[in-house]
Amino acid sequence: SIHSVFLQHAILESGMDVGIVNPHEMIAHSELEDDMKLLCENLVFNQTEEATDDMLERTTYERDCIAAKKKNLPLPRKPRGKMPKLPRLQFDYDKVAPTPATEPPLPTSDVARNHVPNSYLNSKLTMDSITAIRAKATNLTPLKLDHAQASDTYPESFPHFVRGRDSLREYITSLFTSRIALYDGAMGTMIQNYAKRNRLEEEEFRGDRFVDWTTSMKGNNDQLSITQPQIISAIYKEYLEVGGSDLIGTNTFSSTTIAMADYEMEDYVYELNYESARLAREVCDEVTAKDPSKPRFVVGAIGPTNRTGSISPSVEDPAARNVTFDELVEAYFQQIVALMDGGSDILMVETIFDTLNAKAALYAVGEYLEITGLDVPVFVSGTLVDQSGRTLSGQTGEAFYASIRHAKPMCVGLNCALGAKHMTPFVERLAKCVECFLHVYSNAGLPNAMGGYDETPEDMAGQMKLFFDNGWLNMVGGCCGSTPQHIKAIREMSEGYEPRKLPDVGRPKMWLSGLEDLVVDDVHNHLGLPFLNVGERCNISGSIRFKKLMMAGDFGTAMDIAKKQVEDGAHVIDINVDDGMLDGLAAMQKFVKIAVTEPEVSKVPFMLDASKFEIVLAGVKWCQGKCIVNSISLKVGVELFKEQATLLKKHGCAIVVMAFDEDGQAATASEKVRICKRSYDMLVNEVRFPPEDIIFDPNVLTIGTGMEEHANYGVDFINATKTIKEQCPYVKISGGISNLSFGFRGVMKIRESIHSVFLQHAILESGMDVGIVNPHEMIAHSELEDDMKLLCENLVFNQTEEATDDMLERTTYERDCIAAKKKNLPLPRKPRGKMPKLPRLQFDYDKVAPTPATEPPLPTSDVARNHVPNSYLNSKLTMDSITAIRAKATNLTPLKLDHAQASDTYPESFPHFVRGRDSLREYITSLFTSRIALYDGAMGTMIQNYAKRNRLEEEEFRGDRFVDWTTSMKGNNDQLSITQPQIISAIYKEYLEVGGSDLIGTNTFSSTTIAMADYEMEDYVYELNYESARLAREVCDEVTAKDPSKPRFVVGAIGPTNRTGSISPSVEDPAARNVTFDELVEAYFQQIVALMDGGSDILMVETIFDTLNAKAALYAVGEYLEITGLDVPVFVSGTLVDQSGRTLSGQTGEAFYASIRHAKPMCVGLNCALGAKHMTPFVERLAKCVECFLHVYSNAGLPNAMGGYDETPEDMAGQMKLFFDNGWLNMVGGCCGSTPQHIKAIREMSEGYEPRKLPDVGRPKMWLSGLEDLVVDDVHNHLGLPFLNVGERCNISGSIRFKKLMMAGDFGTAMDIAKKQVEDGAHVIDINVDDGMLDGLAAMQKFVKIAVTEPEVSKVPFMLDASKFEIVLAGVKWCQGKCIVNSISLKVGVELFKEQATLLKKHGCAIVVMAFDEDGQAATASEKVRICKRSYDMLVNEVRFPPEDIIFDPNVLTIGTGMEEHANYGVDFINATKTIKEQCPYVKISGGISNLSFGFRGVMKIRESIHSVFL
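In short, a report on the structure. Residue numbers restart at each chain and count upward from 1, following the sequence in its written direction. Note on the predicted model: pLDDT of at least 70 is required for a residue's local features to be given, and 80 or more for side-chain atom pairs to be given and counted; whole-chain, interface and lining totals, by contrast, use all residues. Calculation of side-chain values draws on the structure's entire complement of heavy atoms; hydrogens and water are dropped beforehand.

Some words on helix α14 (residues 355-372)
For the record, the criterion: Elements are defined by DSSP. Helices are runs of H or I of four residues or more, strands are runs of E of two residues or more, and each kind is numbered from the N terminus. Expected span of a helix: the number of residues minus one, times 1.5 Å. To sort residues, take the accessible area from a 1.4 Å probe on protein chains only and compare it with the maximum for the residue type: under 20% means buried, over 50% means exposed, and anything in between is partly exposed.
Here α14 spans 25 Å end to end across 18 residues, near enough to the 26 Å set by a 1.5 Å rise per residue. Counting buried residues along α14, 14 of its 18 residues qualify, which places the element largely inside the surrounding structure. Backbone geometry just after α14 places Gly373 at a positive phi near 75°.

Structure, rendered in structure tokens:
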């Protein structure tokens, strides 16, 4: 590989000609893997420092691969190598340029922000915690607590300063920015020097006060402030007068109860601190008085104590500690009270060798400032113990600063342990990062053999010159070994140098720390993403192994897991020990205490993670670094949320805030944003929490569960992330990434692939910053296989309905691969997954832009196309089929068949209408496009309501006419049109006059011979329909006459019958049916004749719960219109039975429409079963696809326990408002439970709304259906081709197995073949049972009848395929969906060809037309084109067959036979296809692909390869 890269460039770019090589082993440059090529280029061209190491790592991998292959073991994991850093998404606030700082970062208190001067009136500080400390004071003289000065003591302008008048914060800023200020030197050195000149033994340390003390006191330097105050005052004074110090530290390095325990002087700490501060105060005031232009300040010195919170005192037990955080805070708080009471101006937490102690001290300072309401400047000074540049507890200087910067110190720096020379690199590093002022007070060199310090004042000053030259300091002083003379020399050396300039103020960043610091906003992970990896494996929920170790108390091995996380790329370790069987409080504390002693673990920050706040808080108190707390949220309520946030702010923690509130977890994008924004405003504006330290977790929720409501969780998170980042400046976004793929657990490759895609988009496109992950398992987006990437994108972005199923299929494959590798078996075949969609070839007719529709799609008859008015002269309709029906009429009075009106009955212009003069098709178009028309409500409800007020029992149902009828008649509502016509007329009238209906449906829901068989009234169906229509006609005419500008119309209602063509009445026999298509057609035809004879204007096929019944009704309507030559508008209304949005026979609303649209209804919609509210999603979906007008007449809600309906008129109208708001409807009415009052309320609600606009008319498309719809022109197959896969395996010619099953009558197993075809990607199932040994007619019908009851089969459309036309026609009559018939052709002759096509058009079928004619099969391209064009012209121009429903099969013939005349068959087909498509707009081209490769049968790979190229 190295040679390949080398030679590629040496030969092609520099002209190398010859080389001594092993040709057999040479690798072409184009054969190199991309990552290997990059490694070689880096090495050959010396492009990176790591090039050799990277190649050695790859060499180890390749060597391990060789060994693994020899031993037949799995290959090792390939090293990733260096990943390029990807850019971080920038928000507006990221682009703001830094501005010059005017002062150090301010604490968040109002007094600090407003520079309110300290009053120095400590006597007014009477808080319980302070007075309790003073009450224990041991001072022998009264306390002087107030140190304010008269406001006119000194002039007002800088450099003067008056306590109580001036802000010390402002003063220090002015001082530290105008010159390098001077601190003092070593107190201990000065006491030692005093002892060399004067007696200072045990007696002097005790003084008169402690003569009888039981322990030795010598060496307790702090005690001298009580027993030898003159010595301490003199030292203070010498530093001020000789050294020229601006600030001096109090003699209180060890004045805490903890440190004083060595001398048993814990009770004296108040006095020690008070007296030391008082002495310093007095000396500073004395010196200041001599030169008021140089005020001197008292710095209350807070030392580290002699115990450490981070370091175990026991070699055997790393979890042991000799002090707690709370003990430190308590001790420091006592010290602070006394220092301030004694007159300190500033508080300095100094000589920090364990940052946890410093954090405790700063916590105590914060508590003091909070309860007193004072602004006291705070300085912090760390101690790096050796040339490692680390504190004793292991932190770097930067980590130390990051850990304490939350306290907003005015000045930070280093002191002690090292001389200036040895401090240099660490001061330089601090100078580059510290946002506040910077100081150094180093030792006078390193200690000599005797523990003394040899640097002279001049030496020490000379060593510090480098600091001044580089402008690193704002304050300088000395520590061990330094004296006033050293300070003087340093002062003189510093004069004339500029102090350090405060760094510019840029956008705030999250700055965490362990032993090392970490700026989260600048992080890139091991995959090159701008993302913080939080390692999940020390989380009981994230690792079973970790959980077992915690349960066993094996913390040592648990540390190995933590170390491995860091090695694998975790920037932060998540620690979670939540388990019901574990003492979480104890486990968290022990884990953290041990972890902070493990450098390979604690070098990174921790995320402390628990469901109980007290557990994380306990962990926080053992972290010296700046950690993250996971988590808090508003689910605990506002007050507790703010209380917890405030406490964590005091500890300097970053926080994870979950998107929960009092109402629960946020799932949708809008809820995530709302809760996070609410939390942000509360945290930033009320708690004053640093926004950069807020990490929102908007809840990564599980996708791929199969539940629709979960499918968008990934998208919701990604979208919410960006919005939250936009609305909440500086925050971070995090999430538990493993939650996303929880449904695929057990297959890590799948899970991490999903995570990879999710993170790629969430991070780079939306700005996600942080995630709890397993770094070792993470996969780079660039490493994903293309098919896996597509699967993951579909799943994460919810791009396809099949995304979860596709991923489950891939998961099964990956799981099978794991099993195969374990058993050393061949790997299974990889599922193909989704392929990229290839573009469909466009022809000229595909490029025509859609045009506005002027009316719904028209039937193909001339009368419909020309809007010929219905004559309403039914007496002239004397066709045999009609007169035969009338002949059986049972009416007692003569029939009035004609309903035409005189042409001058009403004015000619819309909105008037005259029957026989005007086209009703035109009228409805005008009406439905000018306003939302009103249909009526429930006839049954009105009859029930009548019965509540009046007698309506069996007797009334029978009337005089049917007194002696042999069956019960009560409940046969349709019969009332004969026996109680006045009731029906009154109901009609009330809907028209009260409801304001434009159209009313006849009382004929069950008036077919089929439904009336229940009452043995089959012979009366003509009369039932005629009388109901006649009554409606009379009432409509009466109401119209009162207001001719609002004509009313009779809608002949054609119900579903009580039998179903698609559903078996037998549980045992799915092929059983209780009615045939032809029986349905016959029954519906009788009903239609009577409805039209009675005066109906429109025919409505309604309440369709089985679309096959509707198709039979529409077939009957078509037959009636064809023989009468009339144009009668047809409406169709489906019924979706529940929230699945499907009919009882299983179709979706879209599939239902696709199945009946061939009948060209003027209006389509939904009625019954559901209330308007529950219909909403389905109405919306229909509104997007229906080409004609759209209606709804819903129930008045869902039925109650008694079967009634509770929605009031106002309720029902209110539920329908959404339909009107969205412009979905052209007509509206009511069904079960609705009354004229409901219709009136709906009418009033609808007024003023625009009706639905008809969709634009585009190029026609083939629209098939099974239980689901399928637009063929928009289909892509599983290979990404714009191609309809018709599955061949349910074809006797295409499958030997299927043939055997058909011969054996095993239809159940045959269904499994059909299901498998659909699973494998068939869009349509080809059904062919042609065999000489089989009854094709019976087999076809049985197969189809069973198939339509199998949802996994019948969800796709069928292609019914037979050599005999009667067999496919028999199959068509059992298909509720729109199917394809394969095939017809001109070989039967022109007339029979047209006859067959006409019949299939009536059934709404698409057709395959073979390239055969009377002379035989077309083989050449020209013959294929000729026959197809001839067939097309005949079908489109004569039969008026929809061209989009024509599929030509120009005959795929066999190639590769060895016969020359066959060799061009493939080319001929391809060439003919294009020409046919050009000459025959909108048609499809199909073929039996297996014919092509028939000569190569037996070797599927060869056959399918030929097919692949051909297709």
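Still more ground to cover, so stick around.
Focus on the sheet that holds strand β33 (residues 1358-1361)
The test is simple: Note: two strands are recorded as paired if DSSP finds a minimum of 2 bridges between them. Contacts: residue pairs with any heavy atoms within 4.5 Å of one another. Note on geometry: axes are C-alpha line fits, over the in-contact stretch for helices, and angles between N-to-C directions span 0 to 180 degrees.
An order of β31-β32-β33-β34-β35-β38-β39 is seen for the seven strands of this open sheet, with the pairing classed as parallel. This sheet does not close on itself; its edge strands, each paired only once, are β31 (1286-1287) and β39 (1484-1485). The pairing of strand β34 (residues 1380-1384) with strand β35 (residues 1406-1410) spans four bridges and is parallel. Bridge pairing in β35 places Ile1380 opposite Ala1406. Strands in contact with helix α47 (residues 1336-1347) are β32 (1324-1328) and β33; relative to β33, the strand with the most contacts, it is inclined by about 175°.

Some thoughts on the layout of surface pockets
Where we set the bar: Buriedness of a pocket was judged along seven lines, with at least five required to meet protein on both sides within 12 Å; pockets are open sets of points on a 1 Å grid over the protein atoms alone, cavities are sets where a 1.4 Å probe fits but cannot get out, and lining residues have an atom within 4 Å of a point. Grid points are joined across faces, edges and corners, and a volume is the space filled by probe spheres set on the points. Put simply, Ala, Val, Leu, Ile, Met, Phe, Trp, Tyr, Cys and Pro go in the nonpolar bin, Asp, Glu, Lys and Arg in the charged bin, and everything else, Gly too, in the polar bin.
The space that makes up the second largest pocket amounts to roughly 2100 Å³. Lining the second largest pocket are 50 residues, and of these Arg77, Lys78, Pro79, Arg80 and Glu783 lie nearest its centre. Elements with a minimum of two residues in the lining of the second largest pocket: α2 (34-44), α3 (51-70), α27 (748-764) and α29 (803-822). By residue number, the principal contributor to the lining of the second largest pocket is α29, which donates six residues. Looking at side-chain class alone, the lining of the second largest pocket contains 19 nonpolar, 10 polar and 21 charged residues.

Considerations on the packing of helix α28 (residues 786-796) against α29
Selection criterion: Working definition: roughly parallel below 35 degrees, roughly antiparallel above 145 degrees, roughly perpendicular at 65 to 115 degrees, and oblique for all remaining angles. Left-handed is the label given to a crossing in which the near helix is rotated counterclockwise from the far helix by less than a right angle, and right-handed is the label when the rotation is clockwise.
At their nearest, the axes of α28 and α29 sit 8 Å apart, and the two run at 140° to each other. By the angle between their axes, α28 is oblique relative to α29. Crossing handedness for the pair α28 and α29: left-handed. For the pair formed by α28 and α29, the contact residues are Asp787, Met788, Leu791, Cys792, Asn794 and Leu795 on the first element and Ala803, Thr804, Asp806, Met807, Arg810 and Glu814 on the second. Counted by class, the contact of α28 with α29 contains six nonpolar, two polar and four charged residues.

Section: a negative patch on the surface
Worth spelling out the cut-off: Here a patch means residues that are over 30% exposed by relative accessible area and free of salt bridges, tied together within 9 Å if like-charged and within 5 Å if nonpolar (Val, Leu, Ile, Met, Phe, Trp, Tyr). Using a 1.4 Å probe, accessible areas were evaluated by the Shrake-Rupley method; residue-level cover was limited to the displayed protein chains. Whenever a carboxyl oxygen of Asp or Glu lies within 4 Å of a side-chain nitrogen of Lys or Arg, that contact is scored as a salt bridge. Asp and Glu count as negative and Lys and Arg as positive, but His and the ends of the chain are not part of the count. Every charge is mapped onto a representative atom, which is NZ of Lys, CZ of Arg, CG of Asp or CD of Glu.
Together, Glu708, Glu709, Glu801, Glu802, Asp805 and Glu809 make up a region of like negative charge exposed at the surface. On the secondary structure map, Glu802 appears in the loop between α28 and α29. Given the relative accessible area of 37%, Glu802 is considered partly exposed.

Examining the pairing of strand β26 (residues 1163-1171)
Heads up, the rule is: Look down the strands so they point away from you; if going from the first strand over the helix to the second traces a clockwise path, that crossover is right-handed.
Across the nine residues that make up β26, a large majority, eight, are buried. Note that strand β25 (residues 1130-1134) and β26 share four bridges and pair parallel. Within β26, the residue paired with Val1132 across the bridge is Val1164. Handedness of the crossover joining β25 and β26 through helix α41 (residues 1149-1156) is recorded here as right-handed. Bridge analysis of β26 against strand β27 (residues 1189-1195) gives six bridges, and the strand direction is parallel. Note that in β27 the partner of Leu1166 across the bridge is Val1192. Regarding the hand of the β-α-β motif, the stretch spanning β26, helix α42 (residues 1172-1185) and β27 is right-handed.

Overview of the environment of Lys612
Along the chain, Lys612 falls in the loop between β13 (606-609) and α23 (613-620). Relative accessible area serves as the criterion here: at 47%, Lys612 is assigned to the partly exposed category. Through-space distance from the C-alpha of Lys612 to that of Val656 is 14 Å; in sequence the pair is 44 residues apart.

Points about the packing of helix α25 (residues 669-687) against helix α26 (residues 713-727)
Viewed as axis vectors pointing N to C, α25 and α26 meet at an angle of 30°, and their least axial separation amounts to 8 Å. Classified by the angle their axes make, α25 and α26 are roughly parallel. The handedness of the crossing between α25 and α26 is right-handed. For the pair α25 and α26, contact is made by Ala669, Lys672, Val673, Cys676, Lys677 and Tyr680 and by Asp716, Phe717, Ala720, Thr723, Ile724 and Gln727, respectively. By residue class, the composition of the contact of α25 with α26 is seven nonpolar, two polar and three charged.

Some words on the sheet that holds strand β5 (residues 378-382)
If you walk across this open sheet you meet the eight strands as β1-β8-β7-β6-β5-β4-β3-β2, and the pairing is parallel. A single partner strand is all that each edge strand has here, and the edge strands are β1 (181-182) and β2 (247-249). Bridging between β1 and strand β8 (residues 475-478) involves two bridges; their strand directions are parallel. Note on β8: the bridge partner recorded for Leu182 is Val476. Running at roughly 70° to strand β7 (residues 437-443), helix α6 (residues 168-178) makes contact with β1, β2, β3 (297-302), β4 (346-352), β5, β6 (411-419), β7 and β8 of the sheet. Sheet strands in contact with helix α12 (residues 269-290) are β2 and β3, and its direction is about 160° off that of β3.

Some words on the pattern of salt bridges
Across all of its chains, the model carries 101 salt bridges by this definition. Of the charged contacts, one joins Lys237 and Glu286 as a salt bridge, the two residues approaching to 2.5 Å between their closest N and O atoms. Placement of the pair is Lys237 in helix α10 (residues 229-243) and Glu286 in helix α12, with a sequence separation of 49 residues. Residue Glu286 is classed as partly exposed on the basis of its relative accessible area, which comes to 35%. One network of salt bridges, in which partners are shared, links Lys749, Glu785, Asp787, Arg810, Glu814 and Lys830.

Description of the environment of Asp504
Let me state the cut-off plainly: In the analysis that follows, any N or O atom pair within 3.5 Å is treated as a polar contact, provided that within protein one partner can donate a hydrogen and the other can accept it, and provided that, for residues neighboring in sequence, both atoms belong to side chains.
When you line up the elements, Asp504 lands in the loop between α18 (484-494) and β9 (511-513). Note: C-alpha distance between Asp504 and Pro98 (406 residues apart in sequence) is 5.7 Å. Those residues in contact with Asp504 that lie beyond four places of it in its chain are Pro98, Thr99, Pro100 and Ala101. Polar contacts involving the side chain of Asp504 include one to the side chain of Lys501, which spans 3.1 Å.

By themselves these figures say nothing about function.
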